[in-house]
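Descriptive analysis of the structure
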Amino acid sequence: MTLSQRIRNLPKVEIHLHLEGAIPLPALWELVKKYGATDEVPDIATLADKFRYRDFPHFLETWMWKNGFIREYDDFTFMAAAVAEDLTHQNIRYVEAFHSPGDFHELHGLEVARITEAVRKGLDSQRAGIEIRLIADLTRDFGPDRARGWLAEIAGTQSMQIVGIGIGGSEHNHPPEPYEGVYDEARSLGLRTTAHAGEAAGPASVWGALRCLKVDRIGHGTRAAEDPELVEFLLQQKVPIEMCPISNLRTGVVETLAQHPIRSFFDKGLLVSVNTDDPKMFDTSLDAEYVALANELSFSLTEIKKLIENAIDSTWADEPTKTRLKTELAEA
Ligand SMILES: [Zn+2]
């Protein structure tokens, strides 16, 4: 059996995945057609070509362009069902997935609670063998006041299986500190916390997320590598780091995968996991990430299993769920 077949067979876990960046291209193209944009995007190949980026801001611009085709509550159900089915086919067993309802409130005037309900309905249509929980991404570009409002709206939708919050978006323009109150509020509602940090901005952003927002996890953390004191802190405090290697390559955070700090972080003993971020916008999958780490950074199959175990330890699942996922992994 080849290494890629062995990786394919491993039961996997993903904790940094944006639903709106994981829509299989045929499903997204259906939405493009629904809204009559076939002059601009005549076929799936043209859609795939849109998903190549000059830099991180260009990626964010493309992200919002794509969100223009998710306009009605039914579209959220449709896209979430397509994402869940795709994840199941990759032998992914447990996911904590971001969704960004605020983007669509701003774009199309939709209500964040109803968006969340529509997403949940789509996810639940594909229950077999996979558990998907939600992290509300309170996109930082719209500021902490909007974030506080959205948080209040989703707080009433506990049955939607929202387990935490995050702040994605333009990290380079919006440092974490103004979100301190929002994060305090989320904790008081029983939610867990993560923040994109050390992706489009440097170590100061990671320090801010840790000290000011008191996050449970760091999203990306790639540029923490620039500050040895920070790396030591992440190690000592066992802060889970949701790393997304191919995403960082596609948006130019690293120039080559060989330069990605995941190898040195892993060797030092940091609690790093591997994730796809926006797999259909970055032409990646969890299997592809692990194969690339084996090829470019010499990760062995045993080390890849340890990365999956790290992902399980980093989830916000209860202990019986973690134990079950680890048993499945050990038996694979
Ligand atoms: Zn992300």
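Up top is the structure these notes are about.
The paragraphs below set out a description of the structure included in this document. (Residues numbered from 1 in each chain as written. Predicted model: local features only at pLDDT ≥ 70, side-chain atom pairs only at ≥ 80, totals over all residues. Heavy atoms only, no water.)

Thoughts on the nonpolar core
Heads up, the condition is: Throughout this description, the term nonpolar core refers to a set of buried Ala, Val, Leu, Ile, Met, Phe, Trp, Tyr and Cys residues connected via side-chain atoms within 4.5 Å. In this scheme, a residue with accessible area under 20% of its type's maximum is buried, one over 50% is exposed, and one in between is partly exposed, where area comes from a 1.4 Å probe on protein chains only. A run of H or I in DSSP becomes a helix once it reaches four residues, and a run of E becomes a strand once it reaches two; helices and strands are each numbered from the N terminus. The contact criterion used is simple: two residues touch if any of their non-hydrogen atoms lie within 4.5 Å.
Membership of the largest hydrophobic core comes to 101 residues, with the highest contact counts inside it found for Phe-76, Val-119, Ile-165, Leu-210 and Val-272. Top element by residues in this core is helix 5 (residues 73-89). It accounts for eight residues. Phe-76 has contacts with Ile-70, Phe-104, Leu-110, Ile-115, Ala-118 and Val-119, leaving out every residue within four places of it along the chain.

Some remarks on the sheet that holds strand 8 (residues 272-274)
Pairing between the strands of a sheet is mediated by backbone hydrogen bonds and can be parallel or antiparallel. The line we're drawing: When DSSP locates at least two bridges between a pair of strands, those strands are taken to pair. Note on geometry: axes are lines fitted to C-alpha atoms, helical ones only across the stretch in contact, with angles between N-to-C directions running from 0 to 180 degrees.
Read across the sheet, eight strands follow the order 1-2-3-4-5-6-7-8 without closing on themselves; strand pairing throughout is parallel. The strands lining the two open edges of the sheet, one partner per strand, are strand 1 (12-18) and strand 8. The mean angle between the axes of side-by-side strands here comes to 25°, regardless of whether they run parallel or antiparallel. Judged from the four bridges that link them, strand 5 (residues 192-197) and strand 6 (residues 217-220) form a sheet pairing that is parallel. By the bridge assignment for strand 6, His-196 is matched with Gly-219.

Examining the pattern of salt bridges
In plain terms, the rule: Just to be clear on terms, a salt bridge is a Lys or Arg side-chain nitrogen sitting within 4 Å of an Asp or Glu carboxyl oxygen.
Within the structure shown, the criterion is met by 22 salt bridges. Notably, a salt bridge pairs Lys-50 with Glu-40, separated by 3.0 Å at the nearest N-O pair. Here Glu-40 lies in the loop between helix 2 (25-34) and helix 3 (44-50) and Lys-50 lies in helix 3, a separation of ten residues in the sequence. Exposure remark for Glu-40: the relative accessible area of 40% places this residue in the partly exposed category. The salt bridge involving Asp-313 is made with Lys-326; its shortest N-O contact spans 2.6 Å. Of this pair, Asp-313 sits in helix 15 (residues 301-314) while Lys-326 sits in helix 16 (residues 319-331), and the two are 13 residues apart along the sequence.

Comments concerning the pairing of strand 4 (residues 162-166)
In terms of burial, strand 4 is largely enclosed, as five of its five residues are buried. As paired strands, strand 3 (residues 131-137) and strand 4 are joined by four bridges and run parallel to one another. Bridging across to strand 4, Asp-137 finds its partner in Gly-166. With two bridges connecting them, strand 4 and strand 5 associate as parallel partners. Along strand 5, the bridge assignment pairs Ile-165 with Thr-193.

Quick word on the coordination of the zinc ion
Using the following cut-off: Here the coordinating atoms are restricted to nitrogen, oxygen and sulfur within 2.8 Å of the metal centre, or 3.2 Å for Na, K and Ca, and because water is not among them the sites may look incomplete. Angular criteria define each label, namely tetrahedral for four donors with all angles between 85 and 135 degrees, square planar for four and octahedral for six donors with opposite donors over 155 degrees apart and remaining angles between 65 and 115, and irregular for whatever fails these tests.
Looking at the metal site, the zinc ion is ligated by His-16 (NE2), His-18 (NE2), His-196 (NE2) and Asp-277 (OD), spaced 2.1 to 2.2 Å from it. Classification of the site at the zinc ion rests on its four donor atoms, whose angles at the metal span 86 to 172°, yielding the label irregular. Donor residues for the zinc ion sit on one chain with the sequence pattern H-x1-H-x177-H-x80-D. The exposure classification of His-16 matches that of His-18, with both residues buried.

Observations concerning the environment of Thr-77
The topology assignment puts Thr-77 in helix 5. Counting along the chain gives 25 residues from Thr-77 to Arg-52, while the straight-line C-alpha distance between them is 27 Å. Every residue in contact with Thr-77, bar those within four places of it in the chain, is listed here: Ala-118, Lys-121 and Gly-122.

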